[in-house]
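If you want the building blocks of each chain, they are given just below.
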Amino acid sequence: MLNVPSQSFPGPSSQQRVSSGGRSKVPLKQGRSLMDWIRLTKSGKDLTGLKGRLIEVTEEELKKHNKKDDCWICIRGFVYNVSPYMEYHPGGEEELMSAAGSDGTDLFDQVHRWVNYESMLKECLVGRMAVKPAFPKDYHEEKRLLNGMLPKSQVTDPLAKEGPSSPSYDWFQTDALVTIVIYTKQKDIYLDSVIADHRDDSFRAETVIKDYSYLIHIALSHEIQEDFSVRVVENVGKIEIVLKKKENTSWKCLGHPLENHNSLIPKKDTGLYYRKCQLISKEDVTHDTKLFCLMLPPSTHLQVPTGLHVYFKLTITGTEIVKPYTPISDSLFSEFKEPVLPNNKYIYFLIKIYPAGLFTPELDHLQIGDYVSVSNPEGNFKISQFQDLEDLFLLAAGTGFTPMVKVLSYALTHIPSLRKVKLMFFNKTEDDIIWRNQLEKLAFKDKRFDLEFVLSVPTSEWNGKRGYISPALLSEFLKRSLDTSKVLICICGPMPFTEQGMKLLHDLNFSKDEIHSFTA
């Protein structure tokens with residue numbers, strides 16, 4: 001195995017390292033945008049310096065290429081010459097150099113796990129690492145029997161000491177149904193803990209258990225209907241997935257194991273899994289922000305937990321591009337808008353369209369009925385942060401409001417200890433304020449909710465607060481209902497806003513446990 005550099009990533013002095021643990025973008029030179037990079041990769045220019053050859057790279061050879069103008073990095077066994085990409089990298093050159101001449105897989109996963117590097121760097125591919133994998137002596141027999149599944153001892157044994165107890169599963173059938181039962185051995189399991197997909201003849205069910213994922217991944221022995229149901233018995237952590245047979249015949253076996261079947265692995269080590277969702281509607285919310293409604297496939301069970309996000313994936317000029325977005329409810333509360341679609345099959349997103357951008361114009365050009373790939377949920381927000389919470393403060397700028405929608409709704413409906421929720425919403429102008437009427441109605445309806453708008457470019461008629469996030473604004477806003485109140489502060493917005501806000505919150509002596517920064 002290659003030695004992974006011991007330094008943290010980004011480097012301690014990197015332009016990307018911020019106090020919040022979030023990720024900063026470094027200003028790029030003109031002509032160094034993502035679209036410029038895509039044009040360069042399609043220009044036919046030799047970006048590897050090998051004139052189209054692919055080579056096998058030894059560890060010793062890799063170590064030699066550790067300079068800015070000669071920088072090779074290994075990611076998951078493939079070696080890339082990233083020197084041409086240096087000036088196009090949003091995270092700056094220093095971030096790439098921290099993995100120069102080495103295996104940067106772990107470092108890459110800390111910041112970029114969701115990025116489709118194979119597509120972005122395909123013209124920079126030097127070749128494969130010349131590293132022989134160490135197989136167990138019975139590997140070939142295991143591979144033949146288990147169809148690619150790792151031997152069970154390799155998957156579960158190392159986790160027994162540090163992770164949750166390894167789950168198990170069973171199945172049974174009737175004439176018309178097949179039921180897969182997962183025993184998680186955990187109490188805090190909910191419907192949004194389970195993500196299930198049926199695609200062709202394979203069935204995949206991922207259960208998120210704390211910071212781990214338990215995977216059922218099977219090539220089914222018989223055909224099933226598209227739709228299926230998922231039921232969770234929360235107090236015992238049992239999950240039942242009911243499949244409908246296409247033919248009323250008896251199954252002799254459930255099927256054959258596929259990759260990572262019956263494995264419990266750290267969530268950070270699982271790859272993103274996508275399914276295609278259909279665009280059902282889009283409507284204007286402000287002059288530059290739209291509400292998109294996507295429909296999940298009938299063969300998917302997916303509910304995005306509060307505080308988490310997903311990734312959209314589109315192919316733009318032949319390159320797969322991904323962007324994070326946080327699902328919201330279709331309104332702040334159902335009393336003001338009758339639901340017209342069943343909630344469990346539709347996901348809503350508030351998305352700002354940037355006319356000069358690369359991704360959002362493509363998204364906006366999608367027609368009703370078109371498809372976009374949507375990933376499994378990601379993020380590090382824990383619902384346990386709401387435990388015994390008394391005061392909740394929300395700091396949002398622009399579309400940084402989106403994660404606050406579900407947080408706000410959940411807090412007002414599920415936290416009995418809650419005394420007060422306050423939202424400070426930063427925008428440029430009144431026309432930029434998302435869902436202003438709904439927010440004002442909610443503040444009128446629920447006396448626990450207070451609302452303040454702050455505008456940086458107001459008209460002369462504006463009577464509210466003006467300016468940017470500042471110590472004066474925050475010290476006045478962040479007043480506990482009691483001196484001993486348990487507090488949580490959530491912040492989200494453009495990275496400069498979030499970085500400045502985090503610094504000010506620390507200066508005001510709020511602890512790390514009292515602050516959550518939404519970054520992706």
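Each residue is numbered by its place in its chain's sequence as written, counting from 1. Per-residue local features are limited, in this predicted model, to residues with pLDDT of at least 70; the limit for side-chain atom pairs, both in listing and counting, is 80 or more; totals at the level of whole chains, interfaces and linings are taken over all residues. For side-chain calculations, the full set of non-hydrogen atoms in the structure is used, while hydrogens and water are omitted.

An unreviewed UniProt entry lists the protein under the name Cytochrome b5 reductase 4, with Neophocaena asiaeorientalis asiaeorientalis as the source organism. Quoted verbatim from the Sequence similarities (unreviewed entry) heading of the UniProt record, the comment on the protein is "Belongs to the flavoprotein pyridine nucleotide cytochrome reductase family." UniProt positions are given in the numbering used here, feature names are shortened, and annotations may be inferred rather than shown by experiment. Quoted verbatim from the Catalytic activity (unreviewed entry) heading of the UniProt record, the comment on the protein is "2 Fe(III)-[cytochrome b5] + NADH = 2 Fe(II)-[cytochrome b5] + NAD(+) + H(+)".

Draft legend 1. Just the packing of aromatic side chains, in detail. Here a pair means two rings of Phe, Tyr or Trp (six-membered ring of Trp) with centres within 6.5 Å. Their orientation is stacked below 30 degrees between planes, edge-to-face above 60, and tilted elsewhere. Scanning the model with the defined rule gives 16 aromatic pairs in all. Judged by centre distance (5.3 Å) and plane angle (75°), the ring pair of Phe-203 and Phe-228 falls under edge-to-face. Taken together, the residues span a long stretch of sequence, with Phe-203 in strand E10 (residues 202-209) and Phe-228 in strand E12 (residues 224-233) at a distance of 25 residues. For the pair Phe-203 and Phe-228, a shared accessibility class is recorded, and that class is buried. Through pairs of rings, three or more aromatic residues link up here, namely Phe-312, Tyr-325, Phe-349 and Phe-359. Counting as a charge over the ring demands two things of the Lys NZ or Arg CZ atom: a distance within 6 Å of the ring centre and an angle within 35 degrees of the ring normal. Stacked on the ring of Tyr-274, the Lys or Arg Lys-313 has its end atom at 4.1 Å from the ring centre. A helix here means a DSSP run of H or I that spans at least four residues, while a strand means a run of E at least two residues long, and both kinds are numbered starting from the N terminus. We call a residue buried when its accessible area falls under 20% of the maximum for its residue type, exposed when it is over 50%, and partly exposed in between, using a 1.4 Å probe and counting protein chains only.

Draft legend 2. Spotlight on the environment of Ala-176. By the secondary structure assignment, Ala-176 is in the loop between strand E7 (168-173) and strand E8 (177-183). Here Ala-176 falls in the partly exposed class, since its relative accessible area comes to 34%. In sequence terms Ala-176 and Lys-246 are 70 residues apart; their C-alpha atoms lie 7.9 Å from each other. Not counting the four nearest positions on each side in its chain, Ala-176 is found in contact with Leu-243, Lys-244, Lys-245 and Asn-248. Whether two residues are in contact is decided by their heavy atoms, any of which lying within 4.5 Å being enough.

Draft legend 3. Layout of unusual backbone geometry. Unusually for a residue other than glycine, Thr-317 sits at a positive phi of about 45°. Counting through the fold element by element, Thr-317 comes out in the loop between strand E19 (310-316) and strand E20 (319-325). You can call Thr-317 partly exposed: its relative accessible area is 46%. Phi is positive for Asn-509, which is not a glycine, with a value near 70°. Its place among the elements puts Asn-509 in the loop between helix H12 (495-507) and strand E29 (515-517). Judged by its relative accessible area of 68%, Asn-509 falls in the exposed class.

Draft legend 4. Region of the structure containing the nonpolar core. For our purposes a nonpolar core is just a set of buried Ala, Val, Leu, Ile, Met, Phe, Trp, Tyr and Cys residues, chained together by side-chain atoms within 4.5 Å. The biggest cluster of nonpolar side chains holds 85 residues, and the ones touching the most others in it are Phe-312, Leu-363, Leu-392 and Phe-401. What Phe-401 contacts, discounting residues up to four positions off in sequence, is Leu-350, Ala-396, Leu-423, Phe-425, Ile-434, Trp-435 and Leu-439. By size, the runner-up hydrophobic cluster in this structure holds 24 residues, among which are Val-178, Val-194, Ile-216 and Ile-239.

Draft legend 5. Highlighting helix H1 (residues 34-41). Listing the buried residues of H1 in full gives Asp-36, Trp-37, Ile-38, Leu-40 and Thr-41. Close packing links the buried residues of H1 with helix H5 (117-120), E19 and E20.

Draft legend 6. Representation of the sheet that holds E19 within the structure. Strands pair, by our definition, only if DSSP identifies at least two bridges between them. Spatially, the seven strands line up as an open sheet ordered E20-E19-E23-E16-E17-E22-E21, and their pairing is antiparallel. This sheet does not close on itself; its edge strands, each paired only once, are E20 and strand E21 (327-328). Both strand E17 (residues 289-295) and strand E22 (residues 346-352) contribute to a ladder of seven bridges, which runs antiparallel. Each residue of the ladder has a partner; that of Phe-292, found in E22, is Phe-349.

Draft legend 7. Expanded view of helix H10 (residues 436-445). Those residues of H10 that sit buried are Gln-438, Leu-439, Leu-442 and Ala-443. Each buried residue of H10 sits inside an arc of 135° when the element is viewed along its axis, so together they form one side. Along H10, exposed side chains directed more than 90 degrees from the buried face belong to Asn-437 and Phe-444. On its buried side, H10 packs onto helix H9 (402-414), strand E25 (420-427) and strand E26 (449-455). Each direction from the helix axis to a C-beta atom contributes to the arc, which is the arc of those directions.

Draft legend 8. Main features of the pattern of salt bridges. For this document, the term salt bridge refers to a Lys or Arg side-chain nitrogen within 4 Å of an Asp or Glu carboxyl oxygen. Counted according to the given criterion, the structure contains 27 salt bridges. One salt bridge in this structure joins Glu-514 and Arg-480, with 3.2 Å as the shortest N-O distance. Linking Glu-514 in the loop between H12 and E29 with Arg-480 in the loop between helix H11 (471-477) and strand E28 (487-492), this pair joins segments that are 34 residues apart in sequence.

Draft legend 9. Main features of the pairing of strand E6 (residues 125-129). For strand E1 (residues 55-57) and E6, the ladder comprises three bridges, and the chain directions are parallel. Directly across from Ile-55, in E6, lies its bridge partner Gly-127. Alignment of strand E4 (residues 78-81) against E6, held across three bridges, turns out to be antiparallel. Across the sheet, Tyr-80 pairs through a bridge with Leu-125, a residue of E6.

Draft legend 10. Structural context of the state of the cysteines. A pair of cysteine sulfur atoms is labelled a disulfide when the two atoms are within 2.5 Å. What the rule picks out here adds up to zero disulfides. The thiol of Cys-490 is not disulfide-bonded; the next cysteine sulfur, from Cys-492, is found 9.6 Å away.

Draft legend 11. Structural detail: the side chain of Thr-41. Relative to the helices and strands, Thr-41 is located in helix H1. Within the structure, Thr-41 has its side chain in polar contact with the backbone oxygen of Ile-38 (distance 2.7 Å). The term polar contact refers here to a pair of N or O atoms within 3.5 Å; inside protein, the definition further demands a hydrogen-donor-capable atom paired with an acceptor-capable atom, and it admits residues adjacent in sequence only when both atoms are side-chain atoms.

Draft legend 12. Quick look at the environment of Trp-114. With respect to the helices and strands, Trp-114 occurs in the loop between helix H4 (105-112) and H5. Each C-alpha atom, one on Trp-114 and one on Glu-378, is 9.3 Å from the other, the two residues being 264 residues apart in sequence. With residues up to four places along the chain from it excluded, the contact list for Trp-114 reads Leu-272, Tyr-274, Tyr-311 and Val-322.

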